[in-house]
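Examining the three-dimensional arrangement
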Amino acid sequence: MAETPAVRRTRELLRTGVDASSPMRGVLDVRVTDSTARQASPASASSVAGRLMTFSPLAAVYERAWRPLFRLWMGAGGPSVEEQRAYAVRDLGLVSPDVSVVLDVACGPGNFSRSLADALLTAAHVSEPLVIGLDASEPMIARASADTDDDEHVAYLLGDARELPFEDDAVDAVCCYAALYLVPEPYRVLDEMIRVLRPGGRIALMTTVRRGPQPVGAVTAAAASTVGLEMFRRDDITDVLRERGVEHVEQRIHGAAQFVTGRLCRSGQDVPVSAP
Ligand SMILES: C[S@@+](CC[C@H](N)C(=O)[O-])C[C@H]1O[C@@H](n2cnc3c(N)ncnc32)[C@H](O)[C@@H]1O
C-alpha cells in the first residue's frame, strides 16, 4: 500500500528496530508479530469493556451515538463533546507555535485526532502539523482510516499504548481521552506517554474519578471493576504526573470524570513561570 505523507513522517519518529507495515490507507501497524507474545499480554483488556472496543458495529456508531453518552457520567452541566474538544485543544497548547506533532493515545475511530489536526491547521503559524492517533483495536483504526481525508496531517498506528513505538521525546503534546480507565496497566501507559513527550511538552487526559464519601466511592469502583473499568481516586493521576516531573498540573472534575493537564519538566529543566 502506498504510504501517505503523514505515514511517512510518522515512520521517521519510530524507535530504531520497530517493524511497521501499512495495511490500509494512512495506517501503520506496529504490533508485535509474535502471536505468543500477543496472547500472553493482549493490548485490550479481556474485560467486557475491553472486548467491546474491538466490536466492529461499535466502531461504526462510536462517534455519533456512543461517545455523546459519556456526558451522562459527567454530571449536570458537564461538558459536551465539543467542549471536551476545546479542553483538549487548549490544554495541549495547540495554538502555540512550538507544538506541531501531537500523539492521540487510544484514539478510537479518530474522533479527537481529526479535531486536533484541524486546530493545528487553524493555528496558521504551526509548521508541518502532524497528529498521530494510536489504538489497539483493528475495527477502530479501520474506521479512523475510512473517516479521515487528510493524508498530509493525520496518520494512525495500530499498536499498544503500553509500549509506544516512538523514540524518547518524540512528540510535542500527548492526548489520552476516555481510555485510561479501560486499558490494562494504566500507569504503564502514563509512563510511556511521559517518555515520548519532549521536555516542555503538554499532556491532556480525560478519565474517571471516584466521587462521594469513601464507602460510596469504593462501592462504585468495585461495581465498575466488574466490567473492567477503573475508577481512579482523586489524586491517583495527578500524583503520578507530579512524581514523573509534570508541572502546572491542573485537574477539573465533572461528575465522575476528570480532565487533567500539565507540562513536562525533565531532569532539572525548568518550565517558564509564565507557562499556563
Ligand atoms: C472509549 S475509546 C476512546 C476514544 C477517543 N479517545 C475518545 O475520547 O472518544 C477507548 C479506546 O482505547 C483503546 N484501547 C484499549 N486498550 C488499549 C491499549 N492497550 N492500547 C491502545 N489502545 C487501547 C480501545 O481500543 C478504544 O478504542
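Definitions and cut-offs
- Residues numbered from 1 in each chain as written.
- Predicted model: local features only at pLDDT ≥ 70, side-chain atom pairs only at ≥ 80, totals over all residues.
- Heavy atoms only, no water.
- Patch = residues over 30% accessible without salt bridge, like charges linked within 9 Å, V, L, I, M, F, W, Y side chains within 5 Å.
- Areas by Shrake-Rupley, 256 points an atom, 1.4 Å probe, with all protein chains shown as cover.
- Salt bridge = Lys/Arg side-chain N within 4 Å of Asp/Glu carboxyl O.
- Helix = DSSP H or I, 4+ residues; strand = E, 2+ residues; numbered from the N terminus.
- Axes fitted to C-alpha atoms, helices over the stretch in contact; angles between N-to-C directions.
- Parallel < 35°, antiparallel > 145°, perpendicular 65-115°, else oblique.
- Left-handed = near helix turned anticlockwise from the far one by under 90°.
- Contact = heavy atoms within 4.5 Å.
- Buried < 20%, exposed > 50% of the residue type's maximum accessible area, 1.4 Å probe, protein only.
- Pairing = 2+ DSSP bridges.

The name given to the protein in an unreviewed UniProt entry is SAM-dependent methyltransferase, with Rhodococcoides corynebacterioides as the source organism.

Observations regarding a nonpolar patch on the surface
Judged by side-chain polarity, W66, L69 and L72 come together as a nonpolar surface patch covering roughly 320 Å² of accessible area. Secondary-structure assignment places W66 in helix α4 (residues 56-66).

Quick look at the packing of helix α8 (residues 186-196) against helix α10 (residues 236-243)
Following both chains from N to C, one finds α8 and α10 inclined at 40°, their axes separated by 11 Å at the closest point. On the basis of their axis angle, the class for α8 and α10 is oblique. Considering the relative orientation of α8 and α10, their crossing is right-handed. Seen from α8, the contacting residues are Y187, L190 and I194; seen from α10, they are D236, I237, V240 and L241.

Observations regarding unusual backbone geometry
Positive phi outside glycine occurs at A106, with the angle close to 60°. Residue position: A106 is located in the loop between β2 (101-105) and α6 (111-122). Phi angles above zero are rare outside glycine, and A178 is one such case at about 60°. If you trace the backbone, A178 turns up in the loop between β5 (171-177) and α8.

Points about the pairing of strand β8 (residues 257-264)
Most of β8 sits out of view: eight of its eight residues are buried. The pairing of strand β6 (residues 197-208) with β8 spans seven bridges and is classified as antiparallel. The partner of I203 across the bridge, within β8, is G262. Pairing of strand β7 (residues 246-254) with β8 involves seven bridges; the strand directions are antiparallel. Counterpart to R252 in the pairing with β8 is F259. Linking β7 to β8, which pair antiparallel, is a turn of two residues; within it G255 sits at a positive phi near 60°.

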